[in-house]
Each structure stands twice: as C-alpha cells, then as structure tokens.
Amino acid sequence: FDCKWVPRSARLLCLGSAARGTGLLQLYELRGGRLALLREIEKAKPIKCGTFGATSLQQRYLATGDFGGNLNIWNLEAPEIPVYSVKGHKEIINSIDGVGGLGIGEGAPEIVTGSRDGTVKVWDPRQKDTPVANMEPVQGESKRDCWTVAFGNAYNQEERVVCAGYDNGDIKLFDLKTMSLRWETNIKNGVCSVEFDRKDVNMNKLVATSLEGKFHVFDMRTQHPTKGFASVSEKAQKSTIWQVRHLPQNRDIFMTSGGAGSLHLWKYEYPAQRSKKDSEGAEMGVAGSVTLLQNVTLSTQPISSLDWSPDKKGLCVCGAFDQTVRVLIVTKLNKV
C-alpha cells in the first residue's frame, strides 16, 4: 500500500498486508543496483500508510496507520512493540503525514491521520491518547471518506495547516493556528492525493489529484475573499491519478502516478505576475501553467504509492498493484 525511503540511508520500506490478512513491514537496502530484503516484520492489521515526518533524523521512527484505525510509531531497530500507539479512528486510516521532524518545518513534531470514518485528527506523540486537533463533520452533515491528508505552512512556531481530500471531491484547508476551516472547494471527483510543494515555507502551491485523471495546482500565496485560490487543472491521463509527490530538491517539479501503470513528470511555470487586483481592488491569485517533462509506463497495474529520496536527487521508489516495487532514477533534473 505504501513505500518510503528511510532518511539518510540507501534503505526503503514497503508497507502492506500478507495474503492471510496480517500487516507487513519490509525493509530493503539498495545494493549495487539490486534490492536486498533485510527484514520482514509482521503485525496484526494490514498497514495502509506511513511517514517519517514527525521524528528526528537521529531517531527515524516510522509512524503508520492501519486497517483497524490504529496509529503506531515504530523504532525500526526494535520493532516488536510500538513506541507510541493509539486507537485513533473507528475505521481504516487511509492517509498519514508528519511534520516538525527530520529538520523539516517549525513547531511541534505532529502527525495527521485521515480516515474512512470521516475525521481528520492531528496527534502529538508527546501527548498520550488524545489528538491535539479533531476535524469532523458538523452535526447533520454526512460523513465523507477522507482519502488523503497533508501538512503545510509550517514555516514558524505558530503557523500550520492541514489539507484533506475526500471521496466526493471536497478539499478542505484547516488552519491549526486559529482552529478553523480556512478554505474549501470541490473538484467534482474523489480526491486521491494532496501535497504542498514544501511543508516548511509560507504556503506556496498545492497539488490535488483525482479519480478521473485530472490534477489541480492551486497557487496558495493569495487567497481571494470569495474566489479563494487561483488554480490550473490538467487532464493527465484517462485513469485515476493515485499520488502526487514533489521533488524535495526542486519544489516546481512533481511526479504523478497513474491507474494505467504510468508515471508523469511535470514542471510548474509561474505566471509573469502571481497576483492582480479585481474590480473591487481585492488581491486575487493568477495561476501558472504546467508542462509535461517526461512519462513512462512501468506496469499494466495502477501505481499506488510513490516516494522521492530526500537525500539523492532523482532517486524514487514506487509500488504497484502488481505487487512489484520499482526503484527509478530520473536524470537531468538540474537542467529543467
């Protein structure tokens, strides 16, 4: 279900489930162009998603969300018992993100989880059992399956936002400083993945991908009082875009992974002016354009997970429904 590079190493993790319905963590090492399986750890519930984002580079603890709604944090050196565990949700945790660790982002080392139960919760592992924030449907509002969550705007100790995408096309931006819903929109189709180009800067760009093969890039610098954020959308392919991941070393380049087993590499071009005044004199954003740099088809099955190496520019890993993990190198990234 997910694959992640272990920071500052040539190792990667695959998270998923065994045929008999238990959870699996597989740790691989890249050795001379081959992947060597170092260890396989079995857990009670299938593991849906993971992040290293809320831990220090010294610890490199992995936080995971599983099919039972549990949030666990593992020390991979001693993975028998989690260092932190909470029954976070009533149903499966679909998505997880961390910030404040790995030297990325200011503020507390927090983890956000999004679940099928319709809630989005923010956790501080230093606080047992209770989330520090809980975004749930208001009374009378139907609960929607939350498919994806991402942190952003963590550029100082006070500011931080969470973006969540839902199965009905809703995108919601929660401001954790004011504990309020800052903005919402609907892209008319299930939101599979959202990601800010960088978590640790003043909100700059947000990419959201959808079930029907479209993705949207929102310019998050200027929020118009009624129109919200300017955006550009691109029909990348005919099938679902499962994931979007920005290149850690260049925030204007990102990769999308598709239901037809392909990867597309994109570059965002900024407009001449990023904002203009409307007829009433209010500032509104101006969307840029998106260029396709390269694409490749790797599998006949959907590529459902994707991760760039934070340390080696152009090194990435992806996992697909054909149960294959592929490590790729993208070259010439310093020329675009």
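Residues numbered from 1 in each chain as written. Predicted model: local features only at pLDDT ≥ 70, side-chain atom pairs only at ≥ 80, totals over all residues. Heavy atoms only, no water.

Draft legend 1. Region of the structure containing the nonpolar core. In this structure, Ile-171, Leu-173, Trp-183, Phe-196, Leu-206, Phe-218 and Met-220 are the most contacted members of the largest nonpolar core, which totals 16 residues. Looking at this core, the elements that each hand over two or more residues are β14 (161-166), β15 (170-175), β17 (191-196), β18 (205-210) and β19 (214-224). The element best represented in this core is β17, accounting for three residues. With 15 residues, the next largest nonpolar core counts Val-120, Cys-146, Val-149 and Phe-151 among its residues. (Core = buried A, V, L, I, M, F, W, Y, C linked by side-chain atoms within 4.5 Å. Buried < 20%, exposed > 50% of the residue type's maximum accessible area, 1.4 Å probe, protein only. Helix = DSSP H or I, 4+ residues; strand = E, 2+ residues; numbered from the N terminus.)

Draft legend 2. Structural view of unusual backbone geometry. Phi at Arg-8 is positive, roughly 55 degrees, even though this residue is not glycine. Owing to a relative accessible area of 59%, Arg-8 belongs among the exposed residues under this scheme. Within the chain, Met-179 stands out as a residue other than glycine whose phi angle is a positive 50 degrees. Along the polypeptide, Met-179 turns up in the loop between β15 and β16 (180-186). A residue is classified by how much of its surface remains accessible, and Met-179, at 51% relative accessible area, is exposed.

Draft legend 3. Focus on the UniProt feature "repeat: WD" (unreviewed entry) in the protein. When the UniProt feature table is mapped onto this chain, "repeat: WD" (unreviewed entry) is found at residues 111-124. Helix makes up 0% of residues 111-124 and strand 64%, with an end-to-end C-alpha separation of 7 Å. (UniProt positions renumbered as here; feature names shortened; annotations may be inferred.)

Draft legend 4. Up close: the sheet that holds strand β22 (residues 250-258). A sheet is described by the order of its strands in space; here four strands give the open sequence β21-β22-β23-β26, paired in antiparallel fashion. Looking at the sheet topology across the chains shown, the edges are occupied by β21 (241-247) and β26 (289-297). Between one strand axis and the next, the sheet turns through 25 degrees on average, direction left out of account. Pairing analysis gives five bridges linking β22 to strand β23 (residues 262-269), with the strands arranged antiparallel. Bridge pairing in β23 places Ile-253 opposite Lys-267. (Pairing = 2+ DSSP bridges. Axes fitted to C-alpha atoms, helices over the stretch in contact; angles between N-to-C directions.)

Draft legend 5. Structural detail: the side chain of Lys-4. With respect to the helices and strands, the residue Lys-4 is situated in strand β1 (residues 2-5). Discounting chain neighbours no more than four positions away, the residues touching Lys-4 are Leu-12, Leu-13, Gly-50, Thr-51, Phe-52, Arg-245 and Asp-307. (Contact = heavy atoms within 4.5 Å.)

Draft legend 6. Structural context of the state of the cysteines. The full count for this structure, using the stated rule, is zero disulfides. The thiol of Cys-3 is not disulfide-bonded; the next cysteine sulfur, from Cys-14, is found 5.8 Å away. Not part of a disulfide, Cys-163 finds its nearest cysteine sulfur in Cys-146, a span of 9.3 Å. (Disulfide = S-S within 2.5 Å.)

Draft legend 7. A look at the sheet that holds strand β2 (residues 11-17). Reading across the sheet, the four strands line up as β1-β2-β3-β4 and stay open at both edges, with antiparallel pairing between neighbours. The open sheet has two edge strands, β1 and β4 (34-43), and neither has a second partner. Going from strand to strand, the sheet's axes swing by 20 degrees on average, the running direction of each strand aside. Where strand β3 (residues 23-31) and β4 come together, nine bridges link them in antiparallel fashion. By the bridge assignment, Tyr-28 is partnered in β4 with Leu-37.

Draft legend 8. Looking closely at the packing of aromatic side chains. This structure, assessed with the given rule, holds seven aromatic pairs. Centroid distance Phe-215 to Phe-254: 5.4 Å. Interplanar angle 85 degrees. Geometry classified as edge-to-face. A residue pair is termed long-range when its members are at least 10 positions apart, and Phe-215 in strand β19 and Phe-254 in strand β22 qualify at 39 residues. Phe-254 matches Phe-215 in its accessibility class, with the two residues each being buried. On the numbers, 4.8 Å between centres and 65 degrees between planes, the contact of Phe-215 with Trp-266 is edge-to-face. With Phe-215 in strand β19 and Trp-266 in strand β23, the pair connects residues that are 51 residues apart, well separated along the chain. Trp-266 carries the same exposure label as Phe-215, and that label is buried. Across from the ring centre of Tyr-84, 5.1 Å away, lies the NZ or CZ of Lys-128, which sits over that ring. Seen from the ring of Tyr-166, Lys-172 lies directly overhead, with NZ or CZ sitting 5.8 Å from the centre. (Phe/Tyr/Trp six-rings, centres within 6.5 Å; stacked < 30°, edge-to-face > 60°. Lys NZ or Arg CZ within 6 Å of the ring centre and 35° of its normal.)

Draft legend 9. Main features of the pairing of strand β13 (residues 146-152). The buried count for β13 comes to six of seven residues, which makes it a mostly enclosed element. Relative to β14, β13 is paired through six bridges, and the arrangement is antiparallel. The residue bridging Val-149 from the neighbouring strand is Ala-164, located in β14.

Draft legend 10. Here's a closer look at the side chain of Ser-95. Note that Ser-95 resides in strand β9 (residues 93-99). Within polar-contact distance, the side chain of Ser-95 engages the backbone nitrogen of Val-149 at 3.0 Å. Those residues in contact with Ser-95 that lie beyond four places of it in its chain are Cys-49, Val-112, Thr-113, Gly-114, Trp-147, Thr-148 and Val-149. (Polar contact = N/O pair within 3.5 Å; in protein donor to acceptor, adjacent residues only side chain to side chain.)

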